[in-house]
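Letter by letter, the chains look like this.
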Amino acid sequence: MLSYWEKKHFLNYDLIVVGAGFVGLSTAIHYKRKNKRARVLILERGVFPTGASTKNAGFACFGSLTEILDDFWTMTPDEVLQLVERRFKGLNQIKKEFGKKELEFKDSGGFELIQEDQVEALDHLDNVNKLLKPLFKKPVFSTVKAHRKMGFSDSVKSVVKNQFEGELDSGKYLNSLWSLAEELGIRILTGATVSQLYPDSGEVILSENVLFSGKKIAICTNAFTKKLLPEVDLVPGRGLVMVSEPLDFRIPWKGSFHMDKGYVYFRKIDGRLLLGGGRNQDFEGEQSEENQINPKIERYLKGIAEEVIFPGKKINWQHSWTGIMAFGPKKSPIIQKVGEKTAVAVRLGGMGVAIGWQVGKELSDLLRKGF
Ligand SMILES: Cc1cc2nc3c(=O)[nH]c(=O)nc-3n(C[C@H](O)[C@H](O)[C@H](O)COP(=O)(O)OP(=O)(O)OC[C@H]3O[C@@H](n4cnc5c(N)ncnc54)[C@H](O)[C@@H]3O)c2cc1C
(Lines give C-alpha, C1' and ligand atoms only; values in the text may rest on other atoms or scores of the structure.)
Protein backbone atom coordinates (compact mmCIF):
# COMPACT_ATOMS: atom_id res chain seq x y z
CA MET A 1 0.00 0.00 0.00
CA LEU A 2 1.65 3.27 -1.10
CA SER A 3 1.09 6.65 0.50
CA TYR A 4 0.12 9.81 -1.35
CA TRP A 5 3.70 11.11 -0.84
CA GLU A 6 5.33 7.96 -2.14
CA LYS A 7 3.12 7.97 -5.24
CA LYS A 8 3.76 11.68 -5.83
CA HIS A 9 7.55 11.75 -5.33
CA PHE A 10 9.14 8.31 -5.71
CA LEU A 11 7.65 6.61 -8.76
CA ASN A 12 8.08 8.84 -11.84
CA TYR A 13 11.34 9.56 -13.63
CA ASP A 14 12.71 10.90 -16.92
CA LEU A 15 15.01 7.88 -17.23
CA ILE A 16 14.91 4.55 -15.43
CA VAL A 17 17.98 2.33 -15.83
CA VAL A 18 17.68 -1.35 -14.90
CA GLY A 19 21.02 -2.79 -13.72
CA ALA A 20 23.89 -1.00 -11.96
CA GLY A 21 26.90 -2.67 -13.59
CA PHE A 22 29.49 -0.76 -15.64
CA VAL A 23 26.96 -0.20 -18.44
CA GLY A 24 23.96 0.85 -16.32
CA LEU A 25 25.98 3.32 -14.25
CA SER A 26 27.76 4.69 -17.35
CA THR A 27 24.45 5.14 -19.20
CA ALA A 28 22.90 7.03 -16.30
CA ILE A 29 25.98 9.27 -15.91
CA HIS A 30 26.23 10.18 -19.61
CA TYR A 31 22.48 10.85 -19.78
CA LYS A 32 22.44 13.04 -16.68
CA ARG A 33 25.45 15.05 -17.86
CA LYS A 34 23.56 15.98 -21.02
CA ASN A 35 20.22 16.53 -19.23
CA LYS A 36 21.12 18.15 -15.93
CA ARG A 37 17.51 18.53 -14.77
CA ALA A 38 16.48 14.98 -15.66
CA ARG A 39 15.30 12.73 -12.84
CA VAL A 40 17.31 9.54 -13.28
CA LEU A 41 16.74 6.33 -11.31
CA ILE A 42 18.78 3.12 -11.35
CA LEU A 43 17.14 -0.10 -10.14
CA GLU A 44 19.58 -2.82 -9.08
CA ARG A 45 18.47 -6.22 -7.81
CA GLY A 46 21.54 -6.87 -5.62
CA VAL A 47 22.45 -5.34 -2.26
CA PHE A 48 25.21 -3.86 -4.43
CA PRO A 49 25.79 -4.51 -8.15
CA THR A 50 26.05 -8.28 -8.46
CA GLY A 51 26.64 -8.96 -12.14
CA ALA A 52 29.86 -9.40 -14.06
CA SER A 53 31.17 -5.92 -13.23
CA THR A 54 32.09 -6.81 -9.65
CA LYS A 55 33.11 -10.40 -10.39
CA ASN A 56 35.62 -9.96 -13.20
CA ALA A 57 39.39 -10.24 -13.22
CA GLY A 58 40.22 -6.59 -13.97
CA PHE A 59 42.14 -7.14 -17.19
CA ALA A 60 42.41 -3.92 -19.18
CA CYS A 61 42.85 -5.86 -22.38
CA PHE A 62 41.91 -5.68 -26.04
CA GLY A 63 43.03 -9.08 -27.36
CA SER A 64 45.96 -11.45 -27.12
CA LEU A 65 47.67 -12.69 -30.31
CA THR A 66 45.78 -16.01 -30.41
CA GLU A 67 42.48 -14.33 -29.46
CA ILE A 68 42.81 -11.89 -32.36
CA LEU A 69 43.77 -14.71 -34.75
CA ASP A 70 40.74 -16.66 -33.52
CA ASP A 71 38.50 -13.66 -34.24
CA PHE A 72 39.40 -13.92 -37.94
CA TRP A 73 37.25 -17.08 -38.09
CA THR A 74 34.09 -15.07 -37.39
CA MET A 75 34.98 -11.50 -38.41
CA THR A 76 36.48 -9.63 -41.37
CA PRO A 77 39.89 -7.93 -40.89
CA ASP A 78 38.10 -4.55 -40.77
CA GLU A 79 35.74 -5.80 -38.05
CA VAL A 80 38.67 -7.18 -36.05
CA LEU A 81 40.47 -3.83 -36.30
CA GLN A 82 37.32 -1.92 -35.31
CA LEU A 83 36.80 -4.11 -32.24
CA VAL A 84 40.42 -3.71 -31.12
CA GLU A 85 40.10 0.07 -31.64
CA ARG A 86 36.88 0.21 -29.64
CA ARG A 87 38.43 -1.70 -26.75
CA PHE A 88 41.69 0.28 -26.78
CA LYS A 89 39.94 3.66 -26.98
CA GLY A 90 37.55 2.56 -24.23
CA LEU A 91 40.48 1.88 -21.91
CA ASN A 92 42.00 5.29 -22.66
CA GLN A 93 38.67 6.98 -21.98
CA ILE A 94 38.26 5.48 -18.51
CA LYS A 95 41.88 6.34 -17.62
CA LYS A 96 41.20 9.93 -18.66
CA GLU A 97 37.80 10.16 -16.98
CA PHE A 98 38.60 8.60 -13.60
CA GLY A 99 42.41 8.75 -13.35
CA LYS A 100 44.82 5.84 -13.17
CA LYS A 101 45.26 6.18 -9.41
CA GLU A 102 41.52 5.98 -8.72
CA LEU A 103 41.24 2.80 -10.82
CA GLU A 104 44.56 1.38 -9.61
CA PHE A 105 45.34 1.14 -13.30
CA LYS A 106 48.78 -0.31 -14.09
CA ASP A 107 50.25 -0.11 -17.60
CA SER A 108 52.09 -3.34 -16.92
CA GLY A 109 51.59 -4.93 -20.34
CA GLY A 110 49.65 -7.97 -21.43
CA PHE A 111 51.39 -11.31 -22.01
CA GLU A 112 50.39 -14.59 -23.57
CA LEU A 113 51.89 -18.00 -22.87
CA ILE A 114 52.34 -19.88 -26.12
CA GLN A 115 52.29 -23.65 -25.74
CA GLU A 116 53.17 -26.31 -28.33
CA ASP A 117 49.74 -26.30 -30.01
CA GLN A 118 49.80 -22.52 -30.53
CA VAL A 119 53.36 -22.08 -31.79
CA GLU A 120 52.00 -21.55 -35.29
CA ALA A 121 50.46 -18.27 -34.10
CA LEU A 122 53.99 -16.81 -33.93
CA ASP A 123 54.20 -17.05 -37.75
CA HIS A 124 51.32 -14.53 -37.93
CA LEU A 125 52.69 -12.07 -35.37
CA ASP A 126 54.15 -9.67 -37.97
CA ASN A 127 50.95 -9.70 -40.04
CA VAL A 128 48.81 -8.90 -37.00
CA ASN A 129 51.19 -6.06 -36.10
CA LYS A 130 50.82 -4.72 -39.66
CA LEU A 131 47.02 -4.87 -39.39
CA LEU A 132 47.09 -2.94 -36.10
CA LYS A 133 49.74 -0.39 -37.21
CA PRO A 134 47.26 2.31 -38.35
CA LEU A 135 45.88 2.37 -34.81
CA PHE A 136 48.98 2.01 -32.63
CA LYS A 137 51.73 3.40 -34.96
CA LYS A 138 54.18 0.86 -33.51
CA PRO A 139 54.26 -2.93 -33.19
CA VAL A 140 51.78 -4.17 -30.58
CA PHE A 141 53.10 -7.72 -30.16
CA SER A 142 56.67 -8.89 -29.61
CA THR A 143 58.18 -12.06 -28.19
CA VAL A 144 59.82 -11.87 -24.77
CA LYS A 145 63.51 -12.69 -25.23
CA ALA A 146 64.32 -14.27 -21.87
CA HIS A 147 60.95 -15.84 -21.10
CA ARG A 148 62.59 -18.77 -19.28
CA LYS A 149 63.40 -16.35 -16.42
CA MET A 150 59.66 -16.03 -15.79
CA GLY A 151 59.74 -19.55 -14.34
CA PHE A 152 56.89 -21.11 -16.32
CA SER A 153 56.92 -24.81 -17.19
CA ASP A 154 58.83 -26.11 -20.21
CA SER A 155 55.50 -26.58 -21.98
CA VAL A 156 55.56 -22.80 -22.51
CA LYS A 157 57.48 -22.39 -25.75
CA SER A 158 57.29 -18.63 -26.01
CA VAL A 159 55.75 -15.57 -24.32
CA VAL A 160 54.25 -12.80 -26.44
CA LYS A 161 54.03 -9.29 -25.00
CA ASN A 162 51.35 -6.73 -25.82
CA GLN A 163 52.87 -3.45 -24.68
CA PHE A 164 49.55 -1.54 -24.64
CA GLU A 165 47.54 -3.65 -22.17
CA GLY A 166 47.22 -3.22 -18.42
CA GLU A 167 45.24 -4.13 -15.32
CA LEU A 168 42.96 -2.40 -12.83
CA ASP A 169 40.95 -2.97 -9.67
CA SER A 170 37.37 -3.67 -10.81
CA GLY A 171 35.91 -2.78 -7.41
CA LYS A 172 37.59 0.63 -7.56
CA TYR A 173 36.29 1.19 -11.08
CA LEU A 174 32.73 0.38 -10.02
CA ASN A 175 33.10 2.57 -6.92
CA SER A 176 34.28 5.47 -9.11
CA LEU A 177 31.20 5.12 -11.30
CA TRP A 178 28.92 4.82 -8.28
CA SER A 179 30.41 7.93 -6.61
CA LEU A 180 30.12 9.95 -9.81
CA ALA A 181 26.50 8.88 -10.24
CA GLU A 182 25.75 9.98 -6.68
CA GLU A 183 27.55 13.31 -7.19
CA LEU A 184 25.34 13.96 -10.21
CA GLY A 185 22.18 13.33 -8.19
CA ILE A 186 21.28 9.99 -9.77
CA ARG A 187 19.09 7.92 -7.43
CA ILE A 188 20.21 4.31 -7.03
CA LEU A 189 17.90 1.78 -5.39
CA THR A 190 19.49 -1.56 -4.54
CA GLY A 191 17.60 -4.72 -3.61
CA ALA A 192 15.15 -3.73 -6.37
CA THR A 193 14.52 -6.62 -8.79
CA VAL A 194 12.54 -5.68 -11.87
CA SER A 195 10.21 -8.59 -12.63
CA GLN A 196 8.08 -7.08 -15.41
CA LEU A 197 8.83 -4.61 -18.15
CA TYR A 198 6.48 -2.77 -20.51
CA PRO A 199 8.82 -1.41 -23.22
CA ASP A 200 6.18 0.71 -24.97
CA SER A 201 4.56 2.37 -21.97
CA GLY A 202 7.84 2.78 -20.04
CA GLU A 203 6.65 0.95 -16.95
CA VAL A 204 8.66 -1.44 -14.82
CA ILE A 205 7.31 -3.47 -11.90
CA LEU A 206 9.46 -4.72 -9.04
CA SER A 207 9.03 -8.17 -7.53
CA GLU A 208 7.42 -6.37 -4.52
CA ASN A 209 4.77 -5.13 -6.96
CA VAL A 210 5.86 -1.48 -6.96
CA LEU A 211 5.33 0.16 -10.36
CA PHE A 212 7.76 2.82 -11.63
CA SER A 213 7.16 4.93 -14.77
CA GLY A 214 9.89 6.36 -16.95
CA LYS A 215 9.72 8.62 -20.00
CA LYS A 216 12.62 6.41 -21.17
CA ILE A 217 13.85 3.01 -19.96
CA ALA A 218 17.40 1.63 -20.33
CA ILE A 219 17.87 -2.12 -19.89
CA CYS A 220 21.44 -2.85 -18.80
CA THR A 221 21.01 -6.32 -17.33
CA ASN A 222 23.57 -8.06 -19.58
CA ALA A 223 23.41 -11.86 -19.06
CA PHE A 224 20.08 -11.65 -17.21
CA THR A 225 18.19 -9.80 -19.94
CA LYS A 226 16.16 -12.74 -21.27
CA LYS A 227 14.00 -12.74 -18.14
CA LEU A 228 12.72 -9.30 -19.18
CA LEU A 229 13.17 -9.49 -22.96
CA PRO A 230 13.15 -13.15 -24.09
CA GLU A 231 13.75 -12.24 -27.75
CA VAL A 232 17.21 -10.68 -27.18
CA ASP A 233 19.90 -12.79 -28.85
CA LEU A 234 22.34 -13.77 -26.11
CA VAL A 235 23.40 -16.73 -24.01
CA PRO A 236 24.89 -16.60 -20.52
CA GLY A 237 28.46 -17.77 -19.96
CA ARG A 238 29.82 -18.33 -16.48
CA GLY A 239 33.40 -17.51 -15.52
CA LEU A 240 35.39 -18.73 -12.50
CA VAL A 241 38.00 -16.61 -10.71
CA MET A 242 40.24 -17.83 -7.87
CA VAL A 243 42.68 -15.92 -5.64
CA SER A 244 45.40 -17.76 -3.71
CA GLU A 245 46.64 -17.17 -0.19
CA PRO A 246 49.60 -14.73 -0.07
CA LEU A 247 52.51 -16.57 -1.73
CA ASP A 248 55.63 -17.26 0.32
CA PHE A 249 57.93 -16.87 -2.70
CA ARG A 250 58.79 -14.04 -5.08
CA ILE A 251 56.71 -13.92 -8.27
CA PRO A 252 59.24 -13.54 -11.11
CA TRP A 253 56.94 -11.63 -13.49
CA LYS A 254 54.41 -8.81 -13.57
CA GLY A 255 51.58 -7.89 -15.91
CA SER A 256 48.35 -9.54 -17.00
CA PHE A 257 48.72 -12.96 -18.58
CA HIS A 258 46.60 -15.01 -20.97
CA MET A 259 46.70 -18.55 -22.27
CA ASP A 260 44.66 -20.47 -24.80
CA LYS A 261 43.04 -17.68 -26.87
CA GLY A 262 42.25 -15.72 -23.74
CA TYR A 263 40.22 -18.52 -22.10
CA VAL A 264 42.66 -18.69 -19.18
CA TYR A 265 44.04 -15.58 -17.51
CA PHE A 266 46.15 -14.74 -14.46
CA ARG A 267 47.91 -11.86 -12.73
CA LYS A 268 49.34 -11.11 -9.33
CA ILE A 269 47.38 -9.07 -6.82
CA ASP A 270 48.63 -8.15 -3.35
CA GLY A 271 51.31 -10.88 -3.43
CA ARG A 272 48.74 -13.52 -4.44
CA LEU A 273 47.93 -15.30 -7.69
CA LEU A 274 44.62 -14.41 -9.33
CA LEU A 275 43.67 -17.08 -11.86
CA GLY A 276 40.48 -17.43 -13.85
CA GLY A 277 38.68 -18.74 -16.91
CA GLY A 278 38.61 -22.27 -18.28
CA ARG A 279 35.07 -21.92 -19.64
CA ASN A 280 36.20 -23.73 -22.79
CA GLN A 281 36.65 -26.93 -20.73
CA ASP A 282 32.85 -27.23 -20.40
CA PHE A 283 31.04 -24.73 -22.62
CA GLU A 284 27.69 -26.45 -22.14
CA GLY A 285 27.92 -26.67 -18.34
CA GLU A 286 28.98 -23.03 -18.12
CA GLN A 287 26.04 -21.72 -20.15
CA SER A 288 24.31 -20.89 -16.90
CA GLU A 289 22.96 -17.91 -14.97
CA GLU A 290 23.65 -19.63 -11.63
CA ASN A 291 26.71 -18.65 -9.62
CA GLN A 292 28.19 -22.05 -8.85
CA ILE A 293 31.68 -23.51 -9.08
CA ASN A 294 32.16 -26.22 -11.71
CA PRO A 295 34.55 -28.79 -10.12
CA LYS A 296 35.96 -29.79 -13.52
CA ILE A 297 37.04 -26.23 -14.27
CA GLU A 298 38.31 -25.66 -10.75
CA ARG A 299 40.53 -28.78 -11.06
CA TYR A 300 41.76 -27.64 -14.47
CA LEU A 301 42.75 -24.17 -13.21
CA LYS A 302 44.45 -25.58 -10.10
CA GLY A 303 46.45 -27.87 -12.38
CA ILE A 304 47.55 -24.92 -14.52
CA ALA A 305 48.69 -23.02 -11.41
CA GLU A 306 50.87 -25.86 -10.09
CA GLU A 307 52.04 -27.34 -13.38
CA VAL A 308 52.41 -24.39 -15.77
CA ILE A 309 52.56 -21.08 -13.86
CA PHE A 310 54.52 -22.17 -10.79
CA PRO A 311 55.67 -25.71 -11.68
CA GLY A 312 56.33 -27.88 -8.65
CA LYS A 313 54.90 -25.37 -6.15
CA LYS A 314 51.86 -26.00 -3.92
CA ILE A 315 49.30 -23.20 -4.19
CA ASN A 316 46.66 -22.76 -1.49
CA TRP A 317 43.48 -21.04 -2.57
CA GLN A 318 41.61 -18.59 -0.36
CA HIS A 319 38.89 -16.98 -2.51
CA SER A 320 36.82 -18.37 -5.40
CA TRP A 321 33.78 -16.92 -7.09
CA THR A 322 31.90 -17.01 -10.35
CA GLY A 323 30.32 -14.30 -12.47
CA ILE A 324 28.02 -14.43 -15.47
CA MET A 325 28.84 -12.87 -18.84
CA ALA A 326 26.69 -12.69 -21.98
CA PHE A 327 27.74 -13.92 -25.41
CA GLY A 328 26.24 -14.06 -28.90
CA PRO A 329 27.01 -15.16 -32.43
CA LYS A 330 29.04 -11.96 -32.93
CA LYS A 331 31.55 -10.46 -30.56
CA SER A 332 29.74 -7.13 -30.39
CA PRO A 333 27.27 -5.67 -27.91
CA ILE A 334 23.58 -5.18 -28.72
CA ILE A 335 22.65 -1.50 -28.43
CA GLN A 336 19.17 -0.96 -29.80
CA LYS A 337 15.64 0.25 -29.31
CA VAL A 338 13.21 -2.47 -28.15
CA GLY A 339 10.00 -0.49 -27.64
CA GLU A 340 8.42 2.96 -27.87
CA LYS A 341 10.23 4.07 -24.72
CA THR A 342 12.90 1.43 -24.15
CA ALA A 343 16.41 0.57 -25.38
CA VAL A 344 18.98 -2.05 -24.34
CA ALA A 345 22.77 -2.23 -24.16
CA VAL A 346 23.76 -5.79 -23.35
CA ARG A 347 26.00 -8.73 -24.42
CA LEU A 348 29.37 -7.32 -23.42
CA GLY A 349 31.19 -10.68 -23.52
CA GLY A 350 34.55 -10.56 -21.75
CA MET A 351 35.16 -6.95 -22.80
CA GLY A 352 33.10 -4.85 -20.39
CA VAL A 353 36.05 -3.31 -18.53
CA ALA A 354 37.25 -1.88 -21.81
CA ILE A 355 34.01 -0.93 -23.53
CA GLY A 356 31.38 -0.55 -20.77
CA TRP A 357 31.82 3.23 -20.42
CA GLN A 358 31.59 3.84 -24.18
CA VAL A 359 28.63 1.45 -24.55
CA GLY A 360 26.87 3.49 -21.84
CA LYS A 361 27.54 6.64 -23.84
CA GLU A 362 26.11 5.07 -27.00
CA LEU A 363 22.97 3.96 -25.16
CA SER A 364 22.56 7.40 -23.61
CA ASP A 365 22.88 9.02 -27.08
CA LEU A 366 20.29 6.60 -28.47
CA LEU A 367 17.88 7.39 -25.63
CA ARG A 368 18.35 11.14 -26.10
CA LYS A 369 18.18 11.31 -29.90
CA GLY A 370 16.65 8.08 -31.18
CA PHE A 371 13.10 8.39 -29.82
C1 LIG B 1 34.61 -14.08 -14.28
C2 LIG B 1 34.62 -12.90 -15.20
C3 LIG B 1 35.85 -12.35 -15.59
C4 LIG B 1 35.87 -11.25 -16.46
N5 LIG B 1 37.05 -10.66 -16.73
C6 LIG B 1 37.06 -9.54 -17.49
C7 LIG B 1 38.25 -8.85 -17.72
O8 LIG B 1 39.29 -9.21 -17.15
N9 LIG B 1 38.24 -7.77 -18.55
C10 LIG B 1 37.08 -7.35 -19.14
O11 LIG B 1 37.10 -6.40 -19.93
N12 LIG B 1 35.91 -7.94 -18.89
C13 LIG B 1 35.88 -9.02 -18.09
N14 LIG B 1 34.70 -9.64 -17.83
C15 LIG B 1 33.48 -9.11 -18.47
C16 LIG B 1 32.93 -7.85 -17.81
O17 LIG B 1 32.97 -7.98 -16.41
C18 LIG B 1 31.51 -7.62 -18.34
O19 LIG B 1 31.55 -7.50 -19.74
C20 LIG B 1 30.87 -6.34 -17.77
O21 LIG B 1 31.00 -6.31 -16.37
C22 LIG B 1 29.42 -6.26 -18.17
O23 LIG B 1 28.86 -5.12 -17.55
P24 LIG B 1 27.29 -4.90 -17.57
O25 LIG B 1 27.02 -3.66 -16.83
O26 LIG B 1 26.80 -5.03 -18.97
O27 LIG B 1 26.69 -6.18 -16.83
P28 LIG B 1 26.67 -6.61 -15.30
O29 LIG B 1 27.88 -6.16 -14.58
O30 LIG B 1 26.35 -8.06 -15.27
O31 LIG B 1 25.48 -5.76 -14.71
C32 LIG B 1 24.14 -6.13 -14.85
C33 LIG B 1 23.44 -5.71 -13.57
O34 LIG B 1 22.04 -5.88 -13.73
C35 LIG B 1 21.50 -6.35 -12.51
N36 LIG B 1 20.22 -7.00 -12.85
C37 LIG B 1 20.02 -8.09 -13.60
N38 LIG B 1 18.72 -8.38 -13.72
C39 LIG B 1 18.07 -7.42 -13.00
C40 LIG B 1 16.69 -7.17 -12.75
N41 LIG B 1 15.72 -7.94 -13.25
N42 LIG B 1 16.35 -6.10 -11.98
C43 LIG B 1 17.32 -5.28 -11.46
N44 LIG B 1 18.64 -5.48 -11.68
C45 LIG B 1 19.01 -6.53 -12.45
C46 LIG B 1 22.56 -7.31 -12.00
O47 LIG B 1 22.45 -7.56 -10.63
C48 LIG B 1 23.85 -6.57 -12.37
O49 LIG B 1 24.34 -5.77 -11.33
C50 LIG B 1 34.64 -10.72 -16.97
C51 LIG B 1 33.43 -11.26 -16.55
C52 LIG B 1 33.41 -12.33 -15.66
C53 LIG B 1 32.09 -12.89 -15.21
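Residues numbered from 1 in each chain as written. Predicted model: local features only at pLDDT ≥ 70, side-chain atom pairs only at ≥ 80, totals over all residues. Heavy atoms only, no water.

A few points about the overall build of the protein
As a reminder, the rule being used: Only DSSP runs of H or I reaching four residues or more are called helices, and only runs of E reaching two or more are called strands; each is numbered from the N terminus. Taken over C-alpha atoms, the radius of gyration is set against a globule rule of 2.2 Å times the number of residues to the power 0.38. Exposure classes here rest on a 1.4 Å probe applied to the protein chains alone. A residue is buried below 20% of its type maximum, exposed above 50%, and partly exposed in between. Residues count as neighbours in contact if any of their non-hydrogen atoms are within 4.5 Å of one another. Within this scheme the basic residues Lys and Arg register as positive and the acidic residues Asp and Glu register as negative, but His and the chain ends are omitted. One atom stands in for each charge, and that atom is NZ of Lys, CZ of Arg, CG of Asp or CD of Glu.
Summing up its helical and strand segments, the protein has 9 helices and 18 strands in all. Over its C-alpha atoms the protein spans a radius of gyration of 21 Å, differing by no more than 12% from the 21 Å that the globule rule assigns to 371 residues. Viewed in the frame of its principal axes, the protein has a C-alpha envelope of about 70 × 45 × 40 Å. The 371 residues of the protein split such that 53% are buried. Of the contacts made within the protein by residues no fewer than 6 positions apart, 74% connect residues no fewer than 24 positions apart. Counting 54 positive and 45 negative side-chain charges, the protein places the centres of these two groups 7 Å from one another.

Regarding the sheet that holds strand β15 (residues 272-277)
Consider a sheet: its strands pair through backbone hydrogen bonds, and that pairing is either parallel or antiparallel. Quick reminder of the rule: Note on pairing: two strands pair once DSSP finds at least 2 bridges between them. Here an axis means a line fitted to C-alpha atoms, over the contact stretch when the element is a helix, while the angle between two N-to-C directions is reported on a 0 to 180 degree scale.
Spatial strand order, β5-β6-β4-β13-β14-β15-β12-β16: 8 strands in an open sheet with mixed pairing. Edge positions in the sheet fall to β5 (141-143) and β16 (317-327), since each has one partner strand and no second. For this sheet, the mean angle separating the axes of adjacent strands, direction not counted, is 25°. Packing of helix α6 (residues 125-136) onto the sheet brings it into contact with β5 and β6 (156-162), and relative to β5 it is tilted by some 155°. Each of β4 (110-115), β6, β12 (235-244), β13 (256-259), β14 (264-269), β15 and β16 touches helix α8 (residues 295-309); the most contacted strand, β15, lies at about 130° to it.

What about α8?
Stated formally: A helix is expected to reach a length of 1.5 Å times the quantity of its residues less one. Any N or O atom pair separated by 3.5 Å or less is treated as a polar contact, with the protein-specific requirement of one donor-capable and one acceptor-capable atom, and with residues adjacent in sequence counted only for side-chain atom pairs.
Counted at 1.5 Å a residue, the expected span for α8 with its 15 residues is 21 Å, and the 20 Å between its end C-alpha atoms agrees. Turning to α8, its buried residues are Ile-297, Leu-301, Gly-303, Ile-304, Ala-305, Val-308 and Ile-309. Looking at where α8 begins, the residue whose side-chain oxygen comes 3.0 Å from the main-chain nitrogen of Lys-296 is Asn-294.

Some points on the domain arrangement of the protein
This is how it is decided: How far each domain reaches was decided by an automatic or database domain assignment. Accessible area, probed at 1.4 Å, shrinks when two parts are joined; the buried area is that loss added up over both.
With domains assigned, the protein is organised as domain 1 (4-54 + 171-230 + 330-369) and domain 2 (105-166 + 235-327). With centres defined by C-alpha atoms, the gap from domain 1 to domain 2 works out at 32 Å. At the junction of the two partners, domain 1 supplies 9 residues and domain 2 supplies 6 residues. Each partner contributes to the roughly 760 Å² buried at the junction of domain 1 and domain 2, and carbon and sulfur atoms together form 61% of this total.

Some points on the layout of surface pockets
The condition that has to hold: The definitions used throughout rest on a 1 Å grid laid over the protein atoms alone, on which a cavity is an enclosed set of points accommodating a 1.4 Å probe that cannot get out and a pocket is an open set flanked by protein within 12 Å on both sides along at least five of seven lines; lining residues are those having an atom within 4 Å of a point. Grid points are joined across faces, edges and corners, and a volume is the space filled by probe spheres set on the points.
Quantified by volume, the second largest pocket comes out at close to 460 Å³. Taken together, 23 residues make up the lining of the second largest pocket; nearest its centre are Asp-169, Arg-267, Ile-269, Asp-270 and Leu-274. Of all the secondary-structure elements, those providing two or more residues to the lining of the second largest pocket are α7 (170-183), β14, β15 and β16. The leading source of residues in the lining of the second largest pocket is β14, at 3 residues.

Examining unusual backbone geometry
The backbone of Asp-270 sits at a positive phi, close to 50°, despite the residue not being glycine. By the element assignment, Asp-270 lies in the loop between β14 and β15. On the basis of relative accessible area, Asp-270 is assigned to the exposed category, the value being 68%.

Observations concerning the packing of helix α4 (residues 77-98) against helix α9 (residues 352-369)
What counts, and what does not: In this scheme, roughly parallel covers angles under 35 degrees and roughly antiparallel covers those over 145, while 65 to 115 is roughly perpendicular and the rest are oblique. Three categories are distinguished: nonpolar for Ala, Val, Leu, Ile, Met, Phe, Trp, Tyr, Cys and Pro, charged for Asp, Glu, Lys and Arg, and polar for the others, with Gly belonging to the last.
The interhelical angle for the contact between α4 and α9, taken along N-to-C directions, is 85°, at an axis separation of 7 Å. Here α9 runs roughly perpendicular to α4, going by the angle between their axes. Contact residues: α4 offers Arg-86, Arg-87, Gly-90, Leu-91, Gln-93, Ile-94, Glu-97 and Phe-98, while α9 offers Val-353, Ala-354, Ile-355, Trp-357, Gln-358, Val-359 and Glu-362. Looking at the contact of α4 with α9 residue by residue, the class counts come to 8 nonpolar, 3 polar and 4 charged.

Some words on the packing of aromatic side chains
What characterises a pair of aromatic rings is the spacing of the ring centres plus the angle enclosed by the ring planes. Cut-off, in case you're wondering: Side-chain rings of Phe, Tyr and Trp (the six-membered ring for Trp) are treated as a pair once their centres are within 6.5 Å; stacked means planes under 30 degrees apart, edge-to-face means over 60, and tilted covers the remaining angles. Whether a charge sits over a ring depends on NZ of Lys or CZ of Arg being within 6 Å of the ring centre and within 35 degrees of the ring normal.
Under the definition given, this model contains 21 aromatic pairs. An aromatic cluster is defined as three or more aromatic residues linked by ring pairs; in this entry it consists of Phe-111, Phe-152, Phe-249, Trp-253, Phe-257, Phe-266 and Phe-310. Positioned over the ring face of Phe-224 is Arg-45, at 4.0 Å from the centre of the ring.

Notes on the site of the ligand
The following threshold applies: Nearness of a residue to a molecule or strand requires only that one of the residue's heavy atoms be within 4 Å of it. For the area figures, the Shrake-Rupley method with a 1.4 Å probe applies, and any residue is considered shielded solely by the protein chains shown.
Contacts to the ligand come from 39 residues, most closely from Glu-44, Arg-45, Ala-52, Ser-53 and Phe-59. One of the backbone N or O atoms of Ala-57 is found 3.3 Å from a nitrogen atom in the ligand. Within the complex, the protein chains bury 97% of what would otherwise be the 1000 Å² of accessible surface of the ligand. For the shell around the ligand, the secondary structure elements donating two or more residues are α2 (22-34), β2 (40-44), β12, β16 and α9. Here the residues of the shell around the ligand sort into 21 nonpolar, 15 polar and 3 charged.

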